[in-house]
Amino acid sequence: MKNESIKCTIKSCAHHAKDENYCSLDHILVGTHEANPTEKACTDCESFELKKGCC
Ligand code: SF4
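Sequence positions are assigned chain by chain, starting from 1 and proceeding in written order. Totals for whole chains, interfaces and linings use every residue, but because this is a predicted model, local features are given only for residues with pLDDT of at least 70 and side-chain atom pairs only at 80 or more, for both listing and counting. Derived side-chain values reflect all non-hydrogen atoms in the structure, with water molecules and hydrogen atoms excluded from consideration.

Next up on the list: the site of the ligand. Near the ligand the following residues occur: Cys8, Ile10, Cys13, His15, His16, Cys23, Leu25, Ile28, Cys45, Ser47 and Phe48. Each residue gets one label: Ala, Val, Leu, Ile, Met, Phe, Trp, Tyr, Cys and Pro are nonpolar, Asp, Glu, Lys and Arg are charged, and the others, such as Gly, are polar. Looking at side-chain class alone, the shell around the ligand contains 8 nonpolar, 3 polar and no charged residues. Here a residue is near a molecule or strand as soon as one of its heavy atoms is found within 4 Å of it.

This is the structure:
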């Protein structure tokens, strides 16, 4: 089931709502892999999990 508060286009994620570009989780954690994030590319969805059989 989609969470209408979280849009997402990462179809290779196990939590993606499949037919629609939403996340299916109740909430997600956004984090960073940088010491001092300064741009969009510094941010990560820490709730991402690779969909089984994907890629
Ligand atoms: S867990 Fe993150 S990457 Fe996966 S569908 Fe939800 S928002 Fe997208």
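Next, the rest of the story.
A word on the pattern of salt bridges. When a carboxyl oxygen of Asp or Glu is within 4 Å of a side-chain nitrogen of Lys or Arg, the pair counts as a salt bridge. All told, the structure shown has 2 salt bridges when counted by the stated rule. The shortest N-O distance in the salt bridge between Lys2 and Glu20 comes to 2.8 Å. Placement of Lys2 in the segment before β1 (3–7) and of Glu20 in the loop between β1 and β2 (22–23) is noted, with a sequence separation of 18 residues between them. The exposure class assigned to Lys2 is partly exposed, which follows from its relative accessible area of 27%. One continuous salt-bridge network, built from bridges that share partners, spans Lys2, Glu4 and Glu20. Helix and strand assignments come from DSSP, with helices taken as H or I runs of at least 4 residues and strands as E runs of at least 2, each series counted from the N terminus. Burial classification: accessible surface area is computed with a 1.4 Å probe over protein chains only, and a residue below 20% of its type maximum counts as buried, one above 50% as exposed, and the rest as partly exposed.

In what follows, a disulfide is any cysteine sulfur pair within 2.5 Å. Under the counting rule described, the total for this entry stands at 1 disulfide. The disulfide partner of Cys54 is Cys55, and the gap between their sulfur atoms is 2.4 Å. Taking the relative accessible area as the measure of exposure, Cys55 reaches 85% and is therefore exposed.

For His16, the location among the structural elements is in the loop between β1 and β2. Its relative accessible area of 4% is what places His16 among the buried residues. Under the rule applied, a polar contact is a pair of N or O atoms within 3.5 Å (in protein, one hydrogen donor and one hydrogen acceptor; residues adjacent in sequence only if both atoms are side-chain atoms). Within the local environment of His16, its side chain forms a polar contact with the backbone nitrogen of Lys18, the two atoms lying 2.9 Å apart. Only 3.1 Å separates the side chain of His16 from the side chain of Asn21, close enough to count as a polar contact.

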